[in-house]
Amino acid sequence: MDGCKEEIKLLESKIDKMQDISKVKDVMLEMYEEKDTNNQYIIGQLELQVGQYDKLSSDLKKELKQQRTKSFLWKVGTFVGIVTSSYLLIK
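The structure displayed is predicted, hence computed values, not measured ones. (Residues numbered from 1 in each chain as written. Predicted model: local features only at pLDDT ≥ 70, side-chain atom pairs only at ≥ 80, totals over all residues. Heavy atoms only, no water.)

Asks: Can you help me understand a nonpolar patch on the surface in this one?
Replies: A cluster of nonpolar residues, Phe72, Leu73, Val76, Phe79, Val80 and Val83, forms a patch on the protein surface that exposes about 590 Å² of accessible area. Structurally, the position occupied by Phe79 is in helix 1 (residues 2-90). Assessed through its relative accessible area of 57%, Phe79 is described here as exposed. (Patch = residues over 30% accessible without salt bridge, like charges linked within 9 Å, V, L, I, M, F, W, Y side chains within 5 Å. Areas by Shrake-Rupley, 256 points an atom, 1.4 Å probe, with all protein chains shown as cover. Salt bridge = Lys/Arg side-chain N within 4 Å of Asp/Glu carboxyl O. Helix = DSSP H or I, 4+ residues; strand = E, 2+ residues; numbered from the N terminus. Buried < 20%, exposed > 50% of the residue type's maximum accessible area, 1.4 Å probe, protein only.)

This is the structure:
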């Protein structure tokens, strides 16, 4: 009888420890889920940032192309002006 009572106490102690372990696992799972949610938010923000950088890069490329065109036209205009002035001075 005493052996059975002792075994029951040991089993109850084991059950309590298992329940404690289960609670710890539940808390850890909640923490990991919260961490995952935060990481997903961060990933979303970084994707938005990458999109903004892509748009900025595209806008800068367009502006650079416009500036190159203006510079080219200015050089052509200057060359034509010099040639015309030279022609008129020689004539």
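Asks: Looking at this structure, how should I read the pattern of salt bridges?
Replies: Charged atoms that come close allow side chains of opposite charge to pair. For the coordinates displayed, the defined rule picks out one salt bridge. A salt bridge links Lys55 to Asp59; its shortest N-O distance comes to 3.2 Å. Placement of both Lys55 and Asp59 in helix 1 is noted, with a separation of four residues, approximately one turn of the helix. Taking the relative accessible area as the measure of exposure, Lys55 reaches 53% and is therefore exposed. A relative accessible area of 35% means that Asp59 is categorised as partly exposed.

Asks: What's the story with the environment of Asp36 in this structure? I'm lost.
Replies: As for its position among the elements, Asp36 is in helix 1. By relative accessible area, Asp36 is classed as partly exposed at 42%. For the pair Asp36 and Asp54, spaced 18 residues apart in sequence, the C-alpha separation works out to 27 Å.

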